[in-house]
Amino acid sequence: MTSTDAAERRAPQDRAQVHAPELEPWEVFRQEKDGDPMRHGGSVMAPDAELAVHYARELFGRRQESVRLWVVRRADVLDLDDPDLLQPPLDRSFKKPGGYVMRDKLAAARAQSGQAKPKARQG
Amino acid sequence: MTMTTLRPAIVAGLTDLIGTMADDEFVIGFSDSEWTGIAPLLEEDVAMSSLAQDELGHAAALYGLLADLTGSDADALAYDREPGAYRHARLLDHGRGDWAMTIARRYLYETADAVRLEALVDGSWAPLAELCRKLVREERYHLMHVGSWFGRLADTPGEPRDRLETALAVLAPDAGTVFTPLDGETGLIDAGILAASMSELETRWRSVIGPTFARHGLAIPPRTDRPARGRTDHGAPFDWLWGEFNTVRRSDPGAIW
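Residues numbered from 1 in each chain as written. Chains lettered and ligands numbered in written order. Predicted model: local features only at pLDDT ≥ 70, side-chain atom pairs only at ≥ 80, totals over all residues. Heavy atoms only, no water.

Student: Could you give an account of the overall build of chain B, with specific residues and numbers?
Tutor: Scanning chain B for helices and strands turns up 10 helices and 0 strands. When its helices and strands are written in sequence order, chain B yields α-α-α-α-α-α-α-α-α-α. Computed over the C-alpha atoms, the radius of gyration of chain B is 18 Å, within 12% of the 18 Å expected from 2.2 N^0.38 for a compact globule of 257 residues. C-alpha extents for chain B along the principal axes are approximately 55 × 45 × 30 Å. Within chain B, the proportion of its 257 residues that are buried is 54%. Sequence separation of at least 24 residues holds for 77% of the intrachain contacts in chain B that already meet a minimum separation of 6. Carbon together with sulfur atoms contributes 57% to the accessible area of chain B, which is approximately 10700 Å² in total. (Helix = DSSP H or I, 4+ residues; strand = E, 2+ residues; numbered from the N terminus. Rg over C-alpha atoms; globule rule 2.2 N^0.38 Å. Buried < 20%, exposed > 50% of the residue type's maximum accessible area, 1.4 Å probe, protein only. Contact = heavy atoms within 4.5 Å. Areas by Shrake-Rupley, 256 points an atom, 1.4 Å probe, with all protein chains shown as cover.)

Here it is as structure tokens:
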């Protein structure tokens, strides 16, 4: 088939219906070495998953800086940034692992029971 | 087989084979580097520049092997020849062209190069077989990348498809020139270095690309009608490219960069 044949087969209005594919952002996560967590590396713009993977490979792997990549369409990421859900106004420090300050309570308990504070273990 | 035990006829055959492979990679690498800064989108710019660098890396490795084999210098082999002394395939002599031309050329070249490498990876001369096994691993990604683009241009009616067909029509007479017969190939086959003749490799290549062309309704390029000229008579586009890739080298001959 020659290009002239191809051009003649299509009506002019078909031509107008051809749109350049929309680019959209894809998020790229990379693992630097085996056993490391996947960390967000950045993003690439691509029209589809196939090219997104190619571009992720080139932008985050061409210098052998990654052993694994995850490529995720940004539109598929569940985005949660509601302050009522993430930053409620009341104090929530008691939910943190280090939330309670135990020193005063421990001292009071020891005084009540007459126990001395245990010495730091040797060695 | 080590370098010291190679018969002179085998050395001549290897020089021919490795020299043509190196020139192919060198010229397509420099051609594709012409997209740096002007590719269709930023990500593709990085990708194509990186692919072009890969090809130049392959050329460097092949020229290095050739330099070891012939007691010469890889940079001198790459840069210090007149345009007429380069032995790359005429497929690579059409100038950068538009994006469709680049993709059409890369598709024809990468698929041909893959068939050629496959015929070398189990060869009896270890230095070349080992290098080719490494090249195959990188070329796998190159095939994926160019296959993606070839398919999307072929399947998108209108300008993308039209431009791809035009590019393929321009390249068609030179499409199979990667498989231009080499003077010493019979000796290389007898020595177990090369698995099959260039003519047989071209037949294999056609059976590889045939189904893809058929699926996209594209005409398979004919066999070249002047096989003896497959790696000569490079023409004006290569003269220009030669001037470009030699600019720095010739600016201060003999300098160590």
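Student: Which residues make up the overall build of chain A, and what are the values?
Tutor: Each helix and strand in chain A was counted, giving 5 helices and 3 strands. Beginning at the N terminus, the succession of helices and strands in chain A can be written as α-α-β-β-α-β-α-α. The buried share of chain A, reckoned over its 123 residues, is 17%. By sequence separation, contacts in chain A at least 24 residues apart represent 42% of the contacts at least 6 residues apart. Accessible area of chain A: about 10100 Å², with a carbon and sulfur share of 52%.

Student: Before we move on, could you go through a nonpolar patch on the surface and cite the residues and values that matter?
Tutor: On the surface, a cluster of nonpolar side chains totalling about 310 Å² of accessible area is made up of L80(A), L85(A) and L86(A). Topologically, L86(A) is positioned in helix α4 (residues 83–86). (Patch = residues over 30% accessible without salt bridge, like charges linked within 9 Å, V, L, I, M, F, W, Y side chains within 5 Å. Salt bridge = Lys/Arg side-chain N within 4 Å of Asp/Glu carboxyl O.)

Student: Requested: an account of the side chain of H58(B), with residues and values cited.
Tutor: Residue and element names in this part refer to chain B. Here H58 lies in helix α2 (residues 42–70). Of the polar contacts made by the side chain of H58, one reaches the side chain of E139; its length is 3.0 Å. Residues contacting H58, with those up to four places away along its chain left out, are E25, L135, E138, E139 and H142. (Polar contact = N/O pair within 3.5 Å; in protein donor to acceptor, adjacent residues only side chain to side chain.)

Student: An account of the nonpolar core is needed here, citing residue identities and associated values.
Tutor: One finds L14(B), I18(B), W125(B) and L128(B) to be the most contacted residues of the largest nonpolar core, which totals 85 residues. Residue contributions to this core peak at 11 residues, all from helix α4 (residues 99–118) of chain B. (Core = buried A, V, L, I, M, F, W, Y, C linked by side-chain atoms within 4.5 Å.)

Student: Tell me about the packing of helix α3 (residues 49–61) of chain A against helix α5 (residues 126–155) of chain B, and name the residues and values.
Tutor: Following both chains from N to C, one finds α3(A) and α5(B) inclined at 145 degrees, their axes separated by 11 Å at the closest point. In the crossing of α3(A) with α5(B), the sense of the turn from one axis to the other is left-handed. Judged by residue contacts, E50(A), L51(A), H54(A), Y55(A), R57(A) and E58(A) of α3(A) engage Y141(B), M144(B), H145(B), S148(B), W149(B) and R152(B) from α5(B). Residue composition of the contact of α3(A) with α5(B), by class: 5 nonpolar, 3 polar and 4 charged. (Axes fitted to C-alpha atoms, helices over the stretch in contact; angles between N-to-C directions. Left-handed = near helix turned anticlockwise from the far one by under 90°. Nonpolar A, V, L, I, M, F, W, Y, C, P; charged D, E, K, R; others polar.)

Student: Give a detailed account of the side chain of R161(B), specifying residues and quantitative values.
Tutor: Among the secondary structure elements, R161(B) is positioned in helix α6 (residues 159–171). In terms of polar contacts, R161(B) uses its side chain to reach the backbone carbonyl oxygen of G217(B), at 3.1 Å.

Student: So, the confidence of the model for chain B: which residues are in play, and what are the values?
Tutor: All names here are of chain B. Averaged over all residues, the pLDDT of chain B equals 95, while 98% of them reach at least 70. Ranking the helices and strands of chain B by mean pLDDT puts α4 first, with 98, and helix α10 (residues 247–251) last, with 90. At the level of chain-chain contacts, confidence expressed as ipTM amounts to 0.83, with global pTM at 0.84. (pLDDT = per-residue confidence, 0-100.)

Student: Can you tell me about the interface of chain B and chain A, naming the residues and giving the values?
Tutor: Listed by partner, the interface residues are 23 residues for chain B and 20 residues for chain A. On the chain B side of the contact with chain A, E43(B), Y141(B) and R152(B) bury the most area, a combined 29% of that side's loss. Inspection of the chain B/chain A interface yields 2 salt bridges. The shortest N-O distance in the salt bridge between E50(A) and R152(B) comes to 3.0 Å. Linking chain B to chain A there are 10 residue pairs in polar contact (both at pLDDT 80 or more). Breaking the side of chain B that touches chain A down by element, the ones donating at least two residues are α2, α5 and α6 of chain B. Its residues placed into classes, the side of chain B that touches chain A shows 9 nonpolar, 7 polar and 7 charged. (Buried area = accessible area lost by both parts, 1.4 Å probe.)

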